[in-house]
Structure formats: C-alpha cells, structure tokens
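An overview of the molecular structure
The residues making up each chain are set out below.
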Amino acid sequence: MDKFVVIGGVPLRGEVETSGAKNSALPVLAATLLTDQPVTLDRIPRVRDVRTMQRLLVDIGAKVDVQGERVRVQVGEIRSPEAPYELVKTMRASSLVLGPLVARAGRARVSLPGGCAIGARPINLHLTGLEQLGAQIRQAHGYIEAEAPQGLRGATIRLERITVTGTEDLIMAGVLARGETVIVNAAREPEVSDLATLLVKMGAKIEGAGTSTIRIQGVERLNGADHTIIADRIEAGTFLAAGAITGGDLTITRCAPEHNAALIAKLQATGAEVTQPEPNTVRVRVDGPLRSVDVSTQEYPGFATDLQAQYLALMTQAEGISIITETIFENRFMHAQELARMGASIRLEGNQAIVAGKKELTGAGVIASDLRASASLVLAALVARGETVIDRVYHIDRGYEKIEAKLAGVGAQIRRME
Ligand code: EPZ
C-alpha cells in the first residue's frame with residue numbers, strides 16, 4: 001500500500017489547477033446508460049472512483065474510450081443491467097446506475113452498497129422514489145432488484161431528506177418516464193445542476209435543477225452529447241485550506257469560486273485574505289494568526305460536509321476554541337483521533353468536535369480512514385514540525401488526482417512511497 005511522506009513547515013506559494021469534479025463525473029458517466037448514442041465527456045478526473053465507474057459501465061455493456069481527461073462512452077445495448085458486489089463495495093456511488101438502468105432497460109440488479117467509514121449511508125430514498133415511478137423493488141442476497149417492464153411513469157416525489165445521489169438517480173429515472181416527474185426537497189449541489197445540463201443537451205426536458213424543486217417532462221429517447229464537467233469544488237476547497245494552514249499565498253485556477261462561497265466566508269472570518277483576482281480563480285493569503293470560527297455542515301449552498309475534515313485540521317492552528325458540527329453524516333470525525341496523535345487538542349461530543357488551538361503539530365505515523373479524512377491528515381502534515389507518514393493513501397487516490405504532485409508544485413515537501 002502506498003504511503004505519503006511529508007515534511008511540514010513550508011508555506012505553499014504559487015498556482016495550482018483544479019481538476020474536474022469527481023462527484024460530477026460519476027453521475028454523468030452513469031447518464032450515458034440512458035442512450036444508445038455516443039456521449040463525449042471532458043475534464044473527467046483520473047481518480048480511482050472514476051475508473052471503477054468506467055469498469056462498471058463496460059461490464060454493463062458500454063464501449064468506453066479514455067484519452068486523458070476525455071472519455072467517450074457508447075452503450076449501444078445493455079448486456080447486463082447489474083452492478084456486482086465486488087465493484088459496489090469499493091464505490092457506493094455505483095447506486096447511480098440504478099435509475100438509468102431501470103429507465104433504459106426496464107430492470108436493474110445492484111448490490112446494496114453496505115455501510116462505509118462515515119456512516120450507514122442507506123439508499124432507501126433512491127428506492128422509494130423509484131417505486132413511486134412505478135418500479136417494483138425486491139431485496140435479496142444483498143442485492144436490490146428493480147423492475148419496470150412497462151417502463152416508468154412520472155410522479156411527484158417528496159424526498160424526506162436531501163440526498164445528492166438520490167436526487168441524481170431519480171432525475172435519471174424521470175427523464176425517460178411517461179409524463180411529468182417532480183422532485184421536491186431536491187439536492188441543490190452544483191453537481192446535480194451539471195448532470196441536468198448534460199441531460200438537457202441529450203434531449204431531456206428538465207427545469208429547476210439547482211433549486212429544491214425539479215420538474216421533468218419525460219421523453220421517448222435521448223441522444224448523444226458532448227459535455228465538459230464542472231471544476232471540483234471539494235478539491236479547490238481542500239487547496240484553499242492548504243494555503244491557509246501553511247500560512248502561504250496560494251492561487252487556485254480553473255475553479256468556480258461561487259461553489260465555495262460558504263468556505264470562503266469562513267476563511268475570511270478566521271482572518272485569511274481570500275480574493276478573486278480573475279474569473280475562475282481564487283487566492284488565499286495568510287500572514288498572521290488565525291481566529292477560531294465555528295462551523296456547521298449543511299447541504300449546499302451551506303458549508304460542505306466534504307470540507308469539514310479539512311476545516312477541522314485548519315482550526316487546530318487557529319487561536320481559541322472552535323466548535324465543528326457535522327449534521328450530514330453520523331460518523332465523520334475519524335480524522336480527529338489521528339490529528340490528536342499529531343498533537344491536536346480535539347474533544348468529540350456527539351456530532352460536535354471541540355477544537356482548542358493554536359496547538360503545534362508534530363509529525364507522526366498516521367492512517368487514512370476515508371477520502372476526506374485523508375485530505376485533512378495531509379493538511380496537518382503540511383504544517384506539522386518534522387516528518388509525517390500517512391498510510392493507506394488509496395483512500396486519497398479515490399478522489400484527488402495527483403494531489404502530491406500538485407502540492408509539491410507549490411512548495412510542499414511531499415512524496416509517495418510505494
Ligand atoms: C454525496 O454522497 C457525495 N458523493 C458525498 O461525497 C457527499 O459527502 C454527500 O453527497 C453529501 O454532500 C457523491 O456525490 C458521489 P447523500 P451521497 O445521499 O449522495 C442520508 C466524497 O467525499 N441518506 O446526500 O451518498 C445519508 O445517510 C463523498 O466525495 C438516507 O438516509 O450522500 C446521509 O446521512 C463522501 N437515505 C444524508 O442522507 C438515502 O436514501 C446525505 O446523504 C440517501 C441518503
């Protein structure tokens with residue numbers, strides 16, 4: 001298993017470019033199942049989860065050509081509408097093929113994802129929504145079997161809780177359903193809007209993506225399309241936190257600052273200087289002490305849960321007490337114990353982490369537990385005195401493209417050890 005070796009203490013300076021959004025790439029790749037025409041996608045990040053999704057599409061029957069960031073997919077026919085356990089257990093977002101498979105092929109057999117480090121993460125809302133669209137759902141041997149032999153018919157679906165991939169799954173089911181589908185209490189994440197943009201290019205009729213109510217008029221079939229996905233706001237946010245925690249001066253390019261408004265407001269409140277020198281660019285500068293500022297994760301446009309671990313690492317370097325509340329997932333403080341081993345002072349109480357700063361961190365051997373927790377360990381290592389060895393970096397490789405090369409490019413002393 002690969003490890004990262006980091007020597008801390010270097011302020012990051014310079015420019016780093018954002019890749020395409022992993023959490024946009026996954027649903028748009030699943031959307032290619034909805035047509036027998038070719039779909040060309042650009043700015044697809046070369047990360048493990050995307051490779052897993054591409055492999056899943058091939059198993060289902062797709063022809064997938066990858067040239068760097070450009071991926072061309074054509075699903076001439078669905079050979080096997082299945083997402084097997086051995087793939088789903090490595091990437092729960094495989095449930096994103098449920099909606100498209102039922103819509104296109106009238107049936108799907110998808111392994112239940114099972115829990116993961118950050119929580120139980122059920123997909124009950126995906127399934128209830130599909131039932132409301134007319135699918136019959138059965139569960140057996142750890143698999144979901146969904147069938148709609150007469151096709152799906154539109155319905156009004158009120159999501160009892162905001163779910164990002166649940167919203168995406170149901171949009172992809174609704175675009176080929178007969179009649180109108182309305183999704184109420186829909187997720188408003190930019191990745192949902194990006195998926196809708198692609199689907200409309202393919203001929204779907206969708207209004208309200210990005211708002212809490214999405215209205216879809218079903219169509220007979222969809223065509224191919226070309227689409228470049230949006231920048232990865234979580235990667236950009238991670239780099240903003242890296243520039244801040246190291247007391248550097250870092251410019252992030254090819255990003256969408258408006259997608260990080262909640263984080264930017266928090267960073268400014270801590271005393272970091274965050275500016276937008278030109279379009280699709282954001283710059284963070286810190287040359288003095290940081291103030292501790294509380295945060296509570298919320299669905300978009302609130303503070304992203306995927307940036308909570310990175311922000312918590314930053315708060316170990318801020319003066320005073322900060323309270324970090326995680327409202328989306330039930331177990332998303334796995335990074336706290338590892339940060340404590342580096343010298344951080346963090347007390348966990350239910351869904352809150354109380355962080356006392358500023359505490360000097362010292363390098364240590366630590367273990368990554370999940371994708372974003374791993375990112376917070378890298379941030380801590382960048383500011384810790386001495387050497388940190390981070391084990392199980394395959395967690396990081398799931399969602400960050402060449403993170404060690406990007407960080408080294410702006411001065412970090414970080415290398416990958418096979
Ligand atoms: C998406 O996961 C992201 N993944 C996650 O990013 C992100 O943390 C999450 O949204 C929240 O923003 C992708 O987009 C591929 P949810 P998703 O359904 O869709 C509960 C990363 O680091 N829920 O919005 O699985 C669920 O348990 C990953 O890139 C149900 O109860 O998250 C959670 O508590 C991690 N029933 C809450 O809703 C359901 O049917 C939000 O989950 C679905 C969800």
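Details of the structure are given in the entry above.
The structure displayed is predicted, hence computed values, not measured ones.

Here we come to the site of the ligand. Around the ligand there are 22 residues in total, and L125, T163, T165, D306 and I328 lie nearest to it. Measuring from an oxygen atom of the ligand, one finds a side-chain N or O atom of K22 at 2.9 Å. Contact between the ligand and D306: an oxygen atom at 2.6 Å from a side-chain N or O atom of the residue. In isolation the ligand exposes 830 Å². Once the protein is present, 89% of that is buried. Of all the elements in the fold, those that place two or more residues in the shell around the ligand are α1 (22–31), α5 (124–132), α6 (164–174) and α12 (371–383). Within the shell around the ligand, the residues separate by chemical class into 10 nonpolar, six polar and six charged. Mapping the shell around the ligand onto the domain boundaries places at least three of its residues in each of domain 1 (3–19 + 231–417) and domain 2 (22–228).

Turning to unusual backbone geometry, a few remarks are in order. Most peptide bonds take the trans form, and the phi angle of most residues other than glycine is negative. Cis geometry is found at the peptide bond from Y300 to P301, where omega equals 10°. In this fold, P301 is placed in the loop between β19 (295–296) and α10 (308–315). A cis amide bond links G357 with the next residue in sequence, K358, at an omega value of 0°. By secondary structure assignment, the location of K358 is in the loop between β22 (352–357) and β23 (365–367). Even without a glycine there, the phi angle at N185 is positive, about 70°. Summarising the element assignment, N185 is placed in the loop between β11 (180–184) and α7 (190–201). Despite not being glycine, R392 has its phi angle at roughly 60°, a positive value. Mapped onto the secondary structure, R392 falls in the loop between β24 (387–391) and α13 (394–397).

The next point concerns the packing of helix α8 (residues 233–245) against α12. Packed helices, taken two at a time, are described by their axes: the angle between them and the distance between them. One can describe the packing of α8 onto α12 by two numbers: an axis separation of 9 Å at closest approach and a directional angle of 20°. Comparing the axis directions of α8 and α12 gives the class roughly parallel. As α8 runs across α12, the sense of the crossing is right-handed. Across from I234, T238, A241, A242 and I245 in α8, the residues of α12 making contact are R372, A375, L379, A380, L382 and V383. Of the residues belonging to the contact of α8 with α12, the class tally is nine nonpolar, one polar and one charged.

What follows covers the nonpolar core. Formed by 73 residues in total, the largest nonpolar core has its most connected members in V97, V175 and L199. Take this core: its biggest share by element is six residues, from α1. Not counting the four nearest positions on each side in its chain, V175 is found in contact with L34, L199, A204, I206, I216, Q217, G218, V219 and L222. V6, V293, L339 and V355 belong to the second-largest nonpolar core, a separate cluster that totals 66 residues.

This part is about the layout of surface pockets. Take a probe with the size of a water molecule and roll it over the atoms, and the empty space left behind shows itself. By volume, the second largest pocket amounts to about 190 Å³. Lining the second largest pocket are 16 residues, and of these I245, T246, G247, K358 and V383 lie nearest its centre. Mapped by element, the contributors of at least two residues to the lining of the second largest pocket are α8 and α12. Along the lines of polarity and charge, the residues of the lining of the second largest pocket split into nine nonpolar, five polar and two charged.

Our next topic: empty space enclosed by the protein. If you walk through the whole model with that rule in mind, you get one cavity of 30 Å³ or more. Space inside the largest cavity adds up to approximately 40 Å³. Among the elements of the structure, α1 and α8 are those that each provide at least two residues to the lining of the largest cavity. Classifying every residue of the lining of the largest cavity by side-chain character gives two nonpolar, one polar and five charged.

To continue, consider the sheet that holds strand β14 (residues 225–228). Spatial strand order, β4-β5-β3-β14: four strands in an open sheet with mixed pairing. Where the open sheet ends on each side, the last strands, each with one partner, are β4 (63–67) and β14. Between one strand and the next, the sheet's axes are offset by a mean angle of 15°, whatever the strand orientation. In the packing of α7 onto the sheet, contacts are made with β3 (38–42) and β14, and the angle to β14 comes to roughly 160°.

Taken together, four strands build an open sheet; the order of strands is β2-β15-β17-β16 and the sheet is mixed. The outermost strands of the open sheet, each flanked by one partner alone, are β2 (13–17) and β16 (273–275). Put simply, the sheet's adjacent strands are angled 15° from each other on average, direction ignored. Bridge count for strand β15 (residues 249–253) against strand β17 (residues 281–285) is five bridges, and the pairing is antiparallel. Looking at the pairing, T251 lines up with R283 of β17.

This part covers the pairing of strand β21 (residues 345–349). Taken together, the five bridges between β21 and β22 define a ladder with antiparallel strand orientation. Bridge assignment links S345 to a residue of β22, and that residue is A356.

Now for the pattern of salt bridges. By the definition in use, this model includes 24 salt bridges. Ionic pairing is found between R283 and D249, a salt bridge with its closest N-O pair at 2.7 Å. Note that R283 is positioned in strand β17 and D249 in strand β15, a separation of 34 residues in sequence. On the basis of relative accessibility, which here comes to 25%, the residue R283 falls in the partly exposed class. On the basis of relative accessibility, which here comes to 18%, the residue D249 falls in the buried class. A salt bridge links R341 to E338; the shortest N-O distance between them is 3.9 Å. Within this pair, R341 and its partner E338 are both found in helix α11 (residues 334–341), separated by three residues, close to a single helical turn. Overall, E338 belongs to the buried group, its relative accessible area being 16%. Several salt bridges share partner residues, and in doing so they unite D2, D397, E404 and R416 into one network.

Rules behind the numbers
- Residues numbered from 1 in each chain as written.
- Predicted model: local features only at pLDDT ≥ 70, side-chain atom pairs only at ≥ 80, totals over all residues.
- Heavy atoms only, no water.
- Near = heavy atom within 4 Å.
- Polar contact = N/O pair within 3.5 Å; in protein donor to acceptor, adjacent residues only side chain to side chain.
- Areas by Shrake-Rupley, 256 points an atom, 1.4 Å probe, with all protein chains shown as cover.
- Helix = DSSP H or I, 4+ residues; strand = E, 2+ residues; numbered from the N terminus.
- Nonpolar A, V, L, I, M, F, W, Y, C, P; charged D, E, K, R; others polar.
- Domains from an automatic or database assignment.
- Axes fitted to C-alpha atoms, helices over the stretch in contact; angles between N-to-C directions.
- Parallel < 35°, antiparallel > 145°, perpendicular 65-115°, else oblique.
- Left-handed = near helix turned anticlockwise from the far one by under 90°.
- Contact = heavy atoms within 4.5 Å.
- Core = buried A, V, L, I, M, F, W, Y, C linked by side-chain atoms within 4.5 Å.
- Buried < 20%, exposed > 50% of the residue type's maximum accessible area, 1.4 Å probe, protein only.
- 1 Å grid on protein atoms, 1.4 Å probe; cavity = no way out; pocket = protein on both sides within 12 Å on 5 of 7 lines; lining within 4 Å.
- Points joined across faces, edges and corners; volume = space filled by probe spheres on them.
- Pairing = 2+ DSSP bridges.
- Salt bridge = Lys/Arg side-chain N within 4 Å of Asp/Glu carboxyl O.

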